[in-house]
Amino acid sequence: MSKEEVIILDCSLSPFCNRVKIALSEKGVSYESKEEDLFGSKGGKSELLLKSNPIYKKVPVLLHNGKPLNESSIIVSYIDETWPSSSPLLPSSPYERAQARFWIDYIDKKVFDVGSKIWRSNGEEQEEAKKELIEILKQLEEALGDKDFFGGEKFGIVDVIAIPFTSWFYAYEKVGNFKVEECCPKFSAWEKRCLQKDTVSSVLPCPDKIYNFITSMRKNLGLE
Amino acid sequence: MEELKLHGTWPSPFSYRVIWALALKGIPYEYIEEDLSNKSSLLLQYNPVHKKIPVLVHAGNPICESIIILEYIEETWPQNPLLPSDPYERATARFWIKFIDDKGTVVFKIFRAKNEEEREEAKKQSLEMLRTVEQWGFGGGERKFFGGDEIGMADLAFGAIAYWLGMIEKVTGVKLLDVGEFPQVYGWIERFREAPVIRDNLPDWNLMVETFRRRREQLLESPKT
């Protein structure tokens with residue numbers, strides 16, 4: 001087998017980077033992670049990042065044998081297509097794939113932005129954001145139904161896309177004074193199921209780290 | 001073949017993406033015009049989350065969101081492929097499709113703008129989007145379309161923006177597509193409009209301009225900010 005070089009331009013707290021690493025782990029693909037300095041405390045974004053993603057200048061970027069790929073959900077699909085032999089992440093039928101893509105699109109457009117509103121605000125604005133997040137999670141509970149995973153019996157692409165956001169929930173809960181488990185128990189149960197997988201728990205950061213990050217951001221924004 | 005129905009509205013650019021894909025692959029279907037001011041119970045049943053068109057219904061199974069519909073069509077009817085077969089090239093095509101969907105729809109904000117400030121902001125973002133496509137979309141003039149010599153899914157995605165942009169310019173008087181500043185995009189629009197199948201499946205220009213002119217008058221009259 002030819003030597004594969006797989007590098008991820010990374011940020012350990014980013015749920016978008018973490019979904020890529022979970023996908024690679026699911027496929028048993030070894031990779032090198034290069035942590036990017038996104039906030040400029042150690043010189044800023046690398047030349048490699050700026051060259052590899054000139055349009056958005058964002059992480060994650062996957063470099064596969066030197067060729068750059070951008071946009072995390074597109075990278076995850078690429079990983080699924082390029083290493084198809086082990087555990088497919090996308091379902092096999094076109095209709096089930098369409099459903100998976102629908103939920104990926106929904107999750108990507110809603111979860112992180114609304115979650116960010118919770119910690120970037122106080123008072124009424126924060127309350128509104130909390131309500132919105134709970135509604136979104138309830139919608140996802142409906143989509144999950146009685147299945148163990150969004151992919152059915154097996155961990156699939158929607159699970160890969162969604163699970164990294166949950167490491168931010170502890171911070172949202174502390175800042176917003178609520179508990180996801182109380183409002184959306186089915187969602188919490190799914191979260192716990194995913195975290196039992198090595199490929200997930202070995203990648204996701206400790207929620208305390210994210211809480212500390214959010215606390216310092218809130219101080220900078222004058223919210224604490 | 002199983003029953004295939006497209007629920008859309010005329011002249012929605014998102015409906016037209018699906019119309020183009022079905023026409024390019026030669027797939028017969030029944031078109032159902034939806035009234036968005038009075039959404040049918042069928043539409044609400046098929047798309048309960050977003051309640052929007054287009055919806056493709058194949059053998060009773062509804063598929064929503066125009067790009068997701070295009071991917072479904074591509075996988076179900078592989079003739080005249082709209083995506084490359086190489087995974088890296090597919091990822092590149094999907095990058096453009098996502099860029100167009102995330103950033104391209106800002107042109108409709110020019111149409112919906114109720115004041116100078118909103119219009120200027122939408123114009124600024126639209127120009128940024130066009131400059132990115134101009135600089136990166138066609139390999140500096142090497143490619144006729146996003147993927148090469150043939151129309152693909154990224155072109156269908158962009159067609160919904162670019163062709164309607166011409167109408168938005170006419171109805172609002174805001175001029176964006178200067179051939180001097182955007183020679184690649186300009187050239188692409190000409191090639192897309194003249195391409196076989198596409199040219200037979202474009203909304204009637206005058207009717208479309210009239211429809212949007214009336215819609216804009218209604219928008220500007222309505223009391224909501």
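Residues numbered from 1 in each chain as written. Chains lettered and ligands numbered in written order. Predicted model: local features only at pLDDT ≥ 70, side-chain atom pairs only at ≥ 80, totals over all residues. Heavy atoms only, no water.

A. Representation of the sheet that holds strand β1 (residues 6–10) of chain A in the model. All names here are of chain A. If you walk across this open sheet you meet the 4 strands as β2-β1-β3-β4, and the pairing is mixed. Of all strands in the sheet, those bounded by a partner on one side alone are β2 (32–35) and β4 (67–70). If you compare each strand with its neighbour and ignore which way they point, the axes differ by 25° on average. Both strand β3 (residues 61–64) and β4 contribute to a ladder of 4 bridges, which runs antiparallel. Bridge pairing in β4 places L63 opposite P68. Contacting β1 and β3, helix α1 (residues 15–26) runs over the sheet at an angle of about 160° to β1. (Pairing = 2+ DSSP bridges. Helix = DSSP H or I, 4+ residues; strand = E, 2+ residues; numbered from the N terminus. Axes fitted to C-alpha atoms, helices over the stretch in contact; angles between N-to-C directions. Contact = heavy atoms within 4.5 Å.)

B. Quick peek at the nonpolar core. Among the nonpolar cores identified, the biggest contains 150 residues, and L62, L140 and Y172 of chain A together with L156 and F158 of chain B are the most heavily contacted of them. Residue contacts for Y172 of chain A: discarding those within four places in its chain leaves F112, G115, S116, I118, W119, L133, N177, F178 and I214 of chain A. (Core = buried A, V, L, I, M, F, W, Y, C linked by side-chain atoms within 4.5 Å. Buried < 20%, exposed > 50% of the residue type's maximum accessible area, 1.4 Å probe, protein only.)

C. Local environment of the sheet that holds strand β2 (residues 30–33) of chain B. Residues and elements named next belong to chain B. Ordered by their spatial adjacency, 4 strands build an open sheet running β2-β1-β3-β4, and the pairing between neighbours is mixed. Of all strands in the sheet, those with a lone pairing partner are β2 and β4 (61–64), marking the two edges. Taking each pair of neighbouring strands and ignoring which way they run, the sheet shows an average axis angle of 20°.

D. Spatial organisation of the domain arrangement of chain A. All names here are of chain A. Assigned domains within chain A: domain 1 (6–82) and domain 2 (94–220). The centre of domain 1, based on its C-alpha atoms, is set 21 Å off from the matching centre of domain 2. In this assembly, 16 residues from domain 1 lie in contact with 20 residues from domain 2. At the boundary of domain 1 with domain 2, total buried surface from both sides reaches about 1600 Å², with 74% on carbon and sulfur atoms. Taken together, the links from domain 1 to domain 2 amount to 2 salt bridges. Two residues, K197 and E26, come together in a salt bridge whose shortest N-O distance is 3.3 Å. At the junction of domain 1 and domain 2, the tally comes to 5 residue pairs in polar contact (both at pLDDT 80 or more). Elements with a minimum of two residues in the side of domain 1 that touches domain 2: α1 and α3 (72–82). (Domains from an automatic or database assignment. Buried area = accessible area lost by both parts, 1.4 Å probe. Salt bridge = Lys/Arg side-chain N within 4 Å of Asp/Glu carboxyl O. Polar contact = N/O pair within 3.5 Å; in protein donor to acceptor, adjacent residues only side chain to side chain.)

E. Structural context of the interface of chain A and chain B. Taken together, the 24 residues of chain A in the interface contact 24 residues of chain B. Both faces considered, chain A and chain B share a buried interface measuring about 2300 Å² in area, 68% of it formed by carbon and sulfur atoms. Looking at the side of chain A facing chain B, the largest losses of area belong to I55, Y95 and F102 of chain A, adding up to 25% of the total buried there. Seen at the junction of chain A and chain B, the total is 6 salt bridges. The tally of links from chain A across to chain B stands at 7 residue pairs in polar contact (both at pLDDT 80 or more). For the side of chain A that touches chain B, the element with the highest residue contribution is helix α4 (residues 94–119) of chain A, accounting for 9 residues. Split into classes, the residues belonging to the side of chain A that touches chain B amount to 13 nonpolar, 5 polar and 6 charged. (Nonpolar A, V, L, I, M, F, W, Y, C, P; charged D, E, K, R; others polar.)

F. Inspection of the environment of D204 of chain B at higher detail. Residues and elements named next belong to chain B. Topologically, D204 is positioned in the loop between α8 (183–194) and α9 (205–221). Classification of D204 by relative accessible area gives partly exposed; the value is 45%. Spatially, the C-alpha atom of D204 lies 8.9 Å from that of P11, the residues being 193 residues apart in sequence. Reaching out from D204, the side chain makes a polar contact with the backbone nitrogen of N206 at a distance of 3.3 Å. A polar atom in the side chain of D204 sits 2.8 Å from the backbone nitrogen of L207.

G. Quick peek at the UniProt feature "domain: GST N-terminal" (unreviewed entry) in chain B. The UniProt entry lists residues 2–81 of chain B under the feature "domain: GST N-terminal" (unreviewed entry), expressed in the numbering used here. Taken end to end, residues 2–81 of chain B is 36% helix and 21% strand, and its two terminal C-alpha atoms sit 20 Å from one another. (UniProt positions renumbered as here; feature names shortened; annotations may be inferred.)

H. Main features of the UniProt feature "domain: GST C-terminal" (unreviewed entry) in chain A. UniProt records the feature "domain: GST C-terminal" (unreviewed entry) for residues 93–223 of chain A in the present numbering. Span residues 93–223 of chain A is 73% helix and 0% strand, its end C-alpha atoms 48 Å apart.

I. Structural detail: a positive patch on the surface. A cluster of like positive charges, contributed by K45, K57 and K58 of chain A together with K103 of chain B, occupies part of the molecular surface. Tracing the backbone shows K45 of chain A in the loop between β2 and α2 (47–52). Exposure remark for K45 of chain A: the relative accessible area of 34% places this residue in the partly exposed category. (Patch = residues over 30% accessible without salt bridge, like charges linked within 9 Å, V, L, I, M, F, W, Y side chains within 5 Å. Areas by Shrake-Rupley, 256 points an atom, 1.4 Å probe, with all protein chains shown as cover. Lys, Arg positive; Asp, Glu negative; His and termini not counted. Charge placed at Lys NZ, Arg CZ, Asp CG, Glu CD.)

J. Representation of the packing of α4 of chain A against helix α5 (residues 123–144) of chain A within the structure. Residue and element names in this part refer to chain A. Between α4 and α5, whose axes approach to 8 Å, the crossing angle comes to 155°. The angle between α4 and α5 places the two elements in the roughly antiparallel class. Both α4 and α5 take part in a crossing whose hand is left-handed. Along the contact surface, α4 presents W103, Y106, I107, K110, V111, V114, K117 and I118, while α5 presents Q126, A129, K130, E132, L133, I136, Q139, L140 and A143. Tallied by class, residues from the contact of α4 with α5 come to 11 nonpolar, 2 polar and 4 charged. (Parallel < 35°, antiparallel > 145°, perpendicular 65-115°, else oblique. Left-handed = near helix turned anticlockwise from the far one by under 90°.)

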